[in-house]
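# A structural walkthrough
Listed here are the chains, written in short residue letters.
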Amino acid sequence: MTDTATATATPITTPSKRKSELSKRFRINNEEDRRMLKEKIQNARIEALENDNEFQSIDPLADDDADDDYQDEEDDLVYSTPVNKRKRNREREKKRFEKKSLNISFRDVLEKSYLETYPENVPTYLTATSKPSPLPPRHFCSICGYLSTYTCKQCSSKYCSIKCFNNHVEYRCKRSLY
Amino acid sequence: MSSLSSSTNQANTTFNKVLVLDNGAYNIKASTSHQHLTNPSNPYVIIPNQVGKTKKDNKRNIIGSDLIDYPDPSELKTRTPLEKGYITNWTLEKEIWDNIFKRDELKIKPQEYGLLLTEPPFALEEVRKPMYEVVFEQYKFKSLYLATPASLGLIHMKSTNNQQIDQQQQQLSPSYTPPPYSQSFYQSPCHLVVDCGYSSTHVIPHFQNTKLNYAIKRINVGGKILTNYFKEIVSFRYWDMMHETRLMNTIKERICYISTDFIKDIVTSKESPSSYKVEYVLPDYNNLKDKAGYIRYDALKGGEIINHGNNIATNGDDKQDEKMTDSNDNDDNNNNDKDSKEKTVKQNSDQQEEENQLLTLVNERFTVPELLFNPSDIGINQGGLAEAIVQSVNLTNPNLHIPLYSNIVLMGGSSQFPGFKERLQIELRKLVQPEYEISIHQCQEPILAPLYGGIRFSQLADYHKFTVTKQEYDEHGYNLCNKRFY
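Cut-offs and rules
Residues numbered from 1 in each chain as written. Chains lettered and ligands numbered in written order. Predicted model: local features only at pLDDT ≥ 70, side-chain atom pairs only at ≥ 80, totals over all residues. Heavy atoms only, no water. Phe/Tyr/Trp six-rings, centres within 6.5 Å; stacked < 30°, edge-to-face > 60°. Helix = DSSP H or I, 4+ residues; strand = E, 2+ residues; numbered from the N terminus. Buried < 20%, exposed > 50% of the residue type's maximum accessible area, 1.4 Å probe, protein only. Lys NZ or Arg CZ within 6 Å of the ring centre and 35° of its normal. pLDDT = per-residue confidence, 0-100. Contact = heavy atoms within 4.5 Å. Pairing = 2+ DSSP bridges. Buried area = accessible area lost by both parts, 1.4 Å probe. Salt bridge = Lys/Arg side-chain N within 4 Å of Asp/Glu carboxyl O. Polar contact = N/O pair within 3.5 Å; in protein donor to acceptor, adjacent residues only side chain to side chain. Nonpolar A, V, L, I, M, F, W, Y, C, P; charged D, E, K, R; others polar. Expected span 1.5 Å × (residues − 1). Arc of directions from axis to C-beta. Disulfide = S-S within 2.5 Å.

The next thing to look at is the packing of aromatic side chains. Under the counting rule described, the total for this entry stands at 27 aromatic pairs over all chains. With centroids separated by 4.8 Å and ring planes inclined at 40 degrees, the aromatic side chains of Tyr26(B) and Tyr198(B) adopt a geometry described as tilted. Taken together, the residues span a long stretch of sequence, with Tyr26(B) in the loop between strand E1 (18-23) and strand E2 (27-32) and Tyr198(B) in the loop between strand E11 (190-196) and strand E12 (201-207) at a distance of 172 residues. Each of the two residues, Tyr26(B) as well as Tyr198(B), counts as buried. With 5.1 Å between their ring centres and 35 degrees between their planes, Tyr145(B) and Phe457(B) make a pair best called tilted. Residue Tyr145(B) is located in strand E10 (residues 143-147), and its partner Phe457(B) is located in helix H19 (residues 449-458); the two are separated by 312 residues in the primary sequence. Grouping residues by exposure puts Tyr145(B) and Phe457(B) together as buried. Site record: aromatic cluster; members linked through ring pairs are Phe140(A), Tyr257(B), Phe262(B), Tyr276(B) and Phe366(B). A cation sits over an aromatic face here: Lys17(B) above Tyr113(B), 5.1 Å from the ring centre. Above the plane of the ring of Tyr125(A) lies Arg218(B), whose end atom (NZ or CZ) is 3.8 Å from the centre.

This brings us to the confidence of the model for chain A. Residues and elements named next belong to chain A. On average, chain A scores 71 in pLDDT, and the residues at 70 or more come to 64%. This model gives residues 1-11 a pLDDT under 50, and the stretch forms 0 contacts once residues within four places in sequence are excluded. Note that pLDDT drops below 50 for residues 57-76; the model gives that stretch 26 contacts with residues more than four away or on any other chain.

Let us look at the sheet that holds strand E6 (residues 77-79) of chain B. Read across the open sheet, the 3 strands follow the order E5-E4-E6 (chain B); overall the sheet is antiparallel. Looking at which strands have only one partner, the edges of the open sheet turn out to be strand E5 (62-63) and E6 of chain B.

Every contact between the two is made by 65 residues of chain B and, on the other side, 56 residues of chain A. If you sort the residues of chain B by the area they bury against chain A, Arg79(B), Arg218(B) and Phe236(B) come out on top, with a joint share of 13%. For Arg138(A), the salt bridge goes to Glu370(B), with nearest N and O atoms at 3.0 Å. Put simply, chain B and chain A have 23 residue pairs in polar contact (both at pLDDT 80 or more) between them. Broken down by element, the residue count for the side of chain B that touches chain A peaks at 8 residues, all from helix H8 (residues 223-237) of chain B. Of the residues belonging to the side of chain B that touches chain A, the class tally is 24 nonpolar, 22 polar and 19 charged.

Attention now moves to helix H3 (residues 31-50) of chain A. The end-to-end C-alpha separation of H3(A) is 29 Å, in line with the 28 Å expected for 20 residues at 1.5 Å each. Looking only at H3(A), the buried set comprises Arg34(A), Ile46(A), Leu49(A) and Glu50(A). All buried residues of H3(A) project into a common sector of 150 degrees when viewed along the axis, lining one side. Among the exposed residues of H3(A), those pointing more than 90 degrees away from its buried face are Lys40(A) and Ala48(A). On its buried face, H3(A) sits against H8 of chain B.

Residues and elements named next belong to chain B. The mixed open sheet is built from 6 strands, whose spatial order is E3-E2-E1-E9-E10-E22. If you trace the sheet from one side to the other, it starts and ends with strand E3 (45-48) and strand E22 (468-469), each paired once. Bridging between E2 and E3 involves 4 bridges; their strand directions are antiparallel. When the bridges of E3 are listed, Ile-28 appears paired with Ile-47.

Once that is clear, we can look at the environment of Leu361(B). All names here are of chain B. Tracing the chain through its elements places Leu-361 in strand E19 (residues 358-361). Judged by relative accessible area, Leu-361 falls into the buried class, the value being 0%. Along the backbone, Leu-361 and Lys-277 are 84 residues apart, and their C-alpha atoms lie at a distance of 5.7 Å. The contact partners of Leu-361, leaving out residues within four places of it in the chain, are Phe-230, Val-234, Tyr-238, Ile-251, Ile-255, Tyr-276, Lys-277 and Val-278.

All names here are of chain B. The full count for this structure, using the stated rule, is 0 disulfides over all chains. The cysteine Cys-443 is free of any disulfide, with Cys-196 supplying the nearest cysteine sulfur at 13 Å. Exposure remark for Cys-443: the relative accessible area of 6% places this residue in the buried category.

Right under this line is the structure:
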């Protein structure tokens, strides 16, 4: 309080100092890490939107196999001779092998085909994506969907009014992550 | 392709026995080409490319028309065999194909037929390997041809003119209808096809019906993302609809439109939401009659959709809006609408209306399809449709720029949003040099065009030159296939 005069005399330096500092209340203080986490959350959301199967289990083979086992058990109850069992086991293994070769995961295949190593003039799945727009992205209120002007200090998502902000804090704010 | 009309005449005597499968991510469309040409009244099968299961009956798979007619869709757990438009789960896909082959409309044995299958561009080798295995070793199809749906659709659109040439003598008669697209469209060798499908949007330049691989551009926004985004918004703001993908898809098709002036619309819709508001009555699954719900009509206004009158003043797409609802509603739904209208007028009971679950939508109507033009709105780091078109054209030879811009073709289910063409015209005009003419043609059968084009293509006299036969596959393996279907 003693040097109010100096504070008024150097107004340009103080805001710049403030900008670079992050509050110590955040779990992640490093700016780089925060950016990474933000990107990660964003990507997870896009992936969820692009998801083809809403009921898909993590392992694409898992529930099909479970079905088959169930079916086999039931078959065993009806005719249970040891010879048949051996035969059936072989068939079952064959089926399972077939499934593994026929059912693939697109992401795995994309990773394994190493399209990044292709020369630049060869068109591939990756080069065919349209390049990002030179225009800056527009911002919409994460609650009501109209144009927004304000940013949440905690989780940097957008809001347009106090009403939406209160809603955001109550339901959507991801500050616990940061 | 210039010999198209003459070659089909030749083919009339001996049909190529080919099964055409348009393997879309939402619906799968199938037809046998010779059946279609002999009996066009019952030409195709169209069923969802999904397999449903219920909690109660975990073993049985529900496929095809059973899936559409299932009494309680909220119980169903559906899975699709495709990922990003490419078939990855062949155990599911085979069940759906089996169902198609057995159906009354087709009833075919795969061993006796050739197969024409659609596939998005740039399929990876690992994705194709199991496909060859299933097609040749398990179903034992006679031959295989892989095509991009956009190229087939283009063949169909071009063929609409050829049919007219056959009927040149009838031109003088009063019943003569001119070809649906302009003459320059038929004459130009260059076409830029925009295929706005369910899993992604492709911009594919064509030169003389051959796609130019080096200039293809893709945006990862299709009907699927729009539906999922719509679902997410509605679930957060109004009702929980996270497990009602099919219902949300139909609501999206009926209600959403593309705004020609987005910023103006979103500002005015905040100030006066009434002119943009639509009330949608959600279906009640206890009442089996009505499964998709309907747009609520205001009884006081004499059965008009509430927003329509005002929408005319703000947007110019009222006509198309009507067209869209007309085309998408089945006759049954229209009847339902009428029934419900009569009910409300006759009984005049507010109680019944209160019982119905209402979904009130305002800005969702145009912010959802807006993603096609601005994927960055939800953080997808890709350019919008207009930018993708410009990027694609710039990759081609400079001599092709003018004909490509003047022959843009819109195709695929998501291109049916009202206002799509107008918006694209406006956006492109901002980006393209003023001396280039831009003209956009909207395909008249955006969903079925690839199927019809495939049928036409498979009846060419030299169709067998393009295919890989089972014998060739047995001898040379999949390397030959990859060479032929680049």
